[in-house]
Amino acid sequence: MRAWQQGVGFALLVAGLPALAADHREAPAVDERPVADLNDIYAFHDADNRLVLVMTINPLSEPDFAGSYAFSPDVLYRFTIDNTGDAVPDNRIDLVFSKLRSPGVQNFRARFTGGIVVRGEVTPPGPGVEPIVVEETDNDISIFAGPRDDPFFFDAVGFNRFAATGDPDAFRGINSFAGLNVSAIVVAFPESLVSDGGTQLQISGFTYPRERGFRPAGRALDRTGNPAVSTALIPFELRDRFNRALPQNDAANFGQIIADRLTDLGTSGDNIAILAGVAIPDTMKLDLTKPDGFPNGRQLEDDVIDTLFGLIFDGDEPTGDGVDSNDQEFLDEFPFLAAPIQPAPAT
Ligand SMILES: [Ca+2]
Ligand SMILES: [Ca+2]
Ligand SMILES: [Ca+2]
Ligand SMILES: [Ca+2]
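Everything numeric in this text was worked out from a predicted model, so none of it was measured.

Conventions used here
- Residues numbered from 1 in each chain as written.
- Chains lettered and ligands numbered in written order.
- Predicted model: local features only at pLDDT ≥ 70, side-chain atom pairs only at ≥ 80, totals over all residues.
- Heavy atoms only, no water.
- Helix = DSSP H or I, 4+ residues; strand = E, 2+ residues; numbered from the N terminus.
- Rg over C-alpha atoms; globule rule 2.2 N^0.38 Å.
- Contact = heavy atoms within 4.5 Å.
- Areas by Shrake-Rupley, 256 points an atom, 1.4 Å probe, with all protein chains shown as cover.
- Lys, Arg positive; Asp, Glu negative; His and termini not counted.
- Charge placed at Lys NZ, Arg CZ, Asp CG, Glu CD.
- Buried < 20%, exposed > 50% of the residue type's maximum accessible area, 1.4 Å probe, protein only.
- Pairing = 2+ DSSP bridges.
- Donors = N, O, S within 2.8 Å, 3.2 Å for Na, K, Ca; no water.
- Tetrahedral: all angles 85-135°; square planar, octahedral: opposite > 155°, others 65-115°.
- Axes fitted to C-alpha atoms, helices over the stretch in contact; angles between N-to-C directions.
- Expected span 1.5 Å × (residues − 1).
- Bend = angle between axes of the 7 residues up to and from the residue.
- Salt bridge = Lys/Arg side-chain N within 4 Å of Asp/Glu carboxyl O.

What is the right way to read the overall build of the protein from this model?
Counting its regular elements, the protein contains 9 helices and 12 strands. Radius of gyration (C-alpha) of the protein: 19 Å, near the 20 Å computed for a compact globule of 347 residues. Along the three orthogonal principal directions, the C-alpha set of the protein runs to about 60 × 55 × 35 Å. Within the protein, counting contacts between residues at least 6 apart in sequence, those at least 24 apart form 64% of the total. Accessible surface computed for the protein: about 14100 Å², of which carbon and sulfur atoms make up 51%. Averaging the locations of the 26 positively and 52 negatively charged side chains of the protein gives two centres separated by 11 Å.

I'm lost on the pairing of strand β5 (residues 107-112) in this one. Help?
Regular strands place side chains that alternate from one sheet face to the opposite one. By the alternation rule, side chains of β5 split into F108, A110 and F112, which are all buried, and N107, R109 and R111, of which none is buried. Two elements, strand β4 (residues 91-97) and β5, share 5 bridges in a ladder whose sense is antiparallel. By the bridge assignment, I93 is partnered in β5 with F112. Strand direction decides the pairing type here: β5 and strand β6 (residues 117-121), joined by 5 bridges, are antiparallel.

Got a minute to help me understand the coordination of the calcium ion (ligand 2) in this structure?
Put simply, the ideal angle at a metal is 109.5 degrees for four donors in tetrahedral geometry and 90 or 180 degrees for six donors in octahedral geometry. D82 (OD), T84 (OG1), D86 (OD), V88 (O), D90 (OD) and D90 (OD) make up the full set of protein donors to the calcium ion (ligand 2), lying at 2.2 to 2.9 Å. Metal-centred angles of 47 to 170° between the 6 donor atoms at the calcium ion (ligand 2) mark the site as irregular. Counting residues between consecutive donors of the calcium ion (ligand 2) along the chain gives the motif D-x1-T-x1-D-x1-V-x1-D.

Just checking my understanding: could you explain the coordination of the calcium ion (ligand 4) for this structure?
Coordination of the calcium ion (ligand 4) by the protein is provided by D303 (OD), D303 (OD), D306 (OD), D321 (OD) and V323 (O), with metal-donor distances spanning 2.2 to 2.5 Å. Counting residues between consecutive donors of the calcium ion (ligand 4) along the chain gives the motif D-x2-D-x14-D-x1-V. An identical accessibility class is assigned to D321 and V323; each is buried.

Whenever I open this one, the sheet that holds strand β1 (residues 40-45) confuses me. Can you help?
Neighbouring strands of a sheet are bound in pairs by backbone hydrogen bonds; such pairs are parallel or else antiparallel. With antiparallel pairing, the 5 strands of this open sheet are ordered in space as β1-β2-β9-β8-β7. Each edge of the open sheet is held by one strand with a lone partner, namely β1 and β7 (134-136). Strand-to-strand twist of the sheet, defined as the mean angle between neighbouring strand axes without regard to direction, takes the value 15°. Of the pairings in the sheet, the one linking β1 to strand β2 (residues 51-61) comprises 6 bridges and is antiparallel in character. Looking at β2, one finds that D40 is bridged to T56.

Whenever I open this one, helix α7 (residues 250-264) confuses me. Can you help?
Structural remark: α-helix, 3.6 residues per turn; residues separated by three or four positions point the same way. In this model, α7 (15 residues) spans 20 Å end to end at C-alpha, consistent with the 21 Å of a helix rising 1.5 Å per residue. Largest kink in α7: about 25°, centred on Q256. The positive-phi residue at the C-terminal boundary of α7 is G266, with phi of around 85°.

Any chance you could explain unusual backbone geometry here in plain terms?
Keep in mind that most residues, glycine aside, have a negative phi and that most peptide bonds are trans. In this model, I280 is joined to P281 through a cis peptide bond whose omega is -5°. Locating P281 in the fold gives a position in the loop between α8 (269-279) and β12 (284-287). Of note in the backbone geometry, R25 takes a positive phi value of approximately 50° without being a glycine. Relative to the elements of secondary structure, R25 occurs in the loop between α1 (7-16) and α2 (28-31). Since its relative accessible area comes to 40%, R25 is described here as partly exposed.

Just checking my understanding: could you explain the environment of A47 for this structure?
Looking at where A47 falls in the secondary structure, it is placed in the loop between β1 and β2. For A47, a relative accessible area of 83% gives the class exposed. Sequence spacing of A47 and E329 is 282 residues, and the spatial spacing of their C-alpha atoms is 18 Å.

What am I meant to see in the pattern of salt bridges here?
Pairing between side chains becomes possible if they bear opposite charge and their charged atoms approach one another. Summed over all chains, the structure comprises 9 salt bridges. D40 is the partner of R298 in a salt bridge, and the nearest nitrogen-oxygen pair spans 2.7 Å. Taken together, the residues span a long stretch of sequence, with R298 in the loop between β12 and α9 (304-312) and D40 in strand β1 at a distance of 258 residues. In this structure, R298 and D40 share a single accessibility class: buried. Among the salt bridges present, the one from D155 reaches R172, with a minimum N-O distance of 2.9 Å. Of the two residues, D155 sits in the loop between β8 (141-149) and α3 (156-165) while R172 sits in the loop between α3 and β9 (181-189), which places them 17 residues apart along the sequence. Classification of D155 as buried rests on a relative accessible area of 0%. On the basis of relative accessibility, which here comes to 33%, the residue R172 falls in the partly exposed class. Bridged by salt links that share partners, the residues D46, R50 and D140 form one connected network.

Structure follows, in structure tokens:
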């Protein structure tokens, strides 16, 4: 019997995985509020060695209804960066948005720790629209906000069939996120703005309810560090609680739950230790002295699902989902994510 066929663990796996994704539509509260539903975050360096941080929201945005997706004026979008190893944020990048003036027409304000504020326009949807890259030259900051192709790729249906049957041949190699867009925030800046001279960063994405300014009006609506941690390792009934909790408390709140779940999945002790180092706390770790690439930060093209399968299933089947790249080509310049998918033309 293979690791993935172990009865008790397998039942737990099935029970917790109604629709595994990176962090798309993973918990009841955000499922009702896609404007606050974080899908993924990414952290990598550009050709000028600036740090690039990406967050995506509005999961599964349909190109035919592009004008109906926006950032919410009632949500605070936040990156946090820890640079002291305690998972307690030392720096933040906050973004807030105006009300929509018409479909796709919206402004943003971004504030960095230290008080740097950058104002700009959201890029509207539509064919042939060039991304609006808002530049703040004093501090070498670039910001983009607007619709993009979802950079995440994964055979979610294949995975759910595998979870239901235990058959690693259930994967179809079809990207469930192909042809769908997200709303993205992309920020590039010198890493010294957030590292304070440290080399070990822990990055998180948060959404908070907001009334005014850059202040959260309550606990987080969603948060994410690593892809699939919440969806794969946190039981469904705990996910709203997980989203509201702080990363620095993850070891105490969820460490045993995650370790038990990995044990149930048949993950080896060595790999549980590796995964715990990635997922507890659920922050994206980025060692600035090492090359970028998940789980050291995350590049757009990284096949994070195959990496996670390799660790969780210990090289046993399934070793991957058969989807190895995005359906669209990434850009080699800012904002890096591919242009949003457009509605099909007349035939
Ligand atoms: Ca989410
Ligand atoms: Ca800290
Ligand atoms: Ca895509
Ligand atoms: Ca893959």
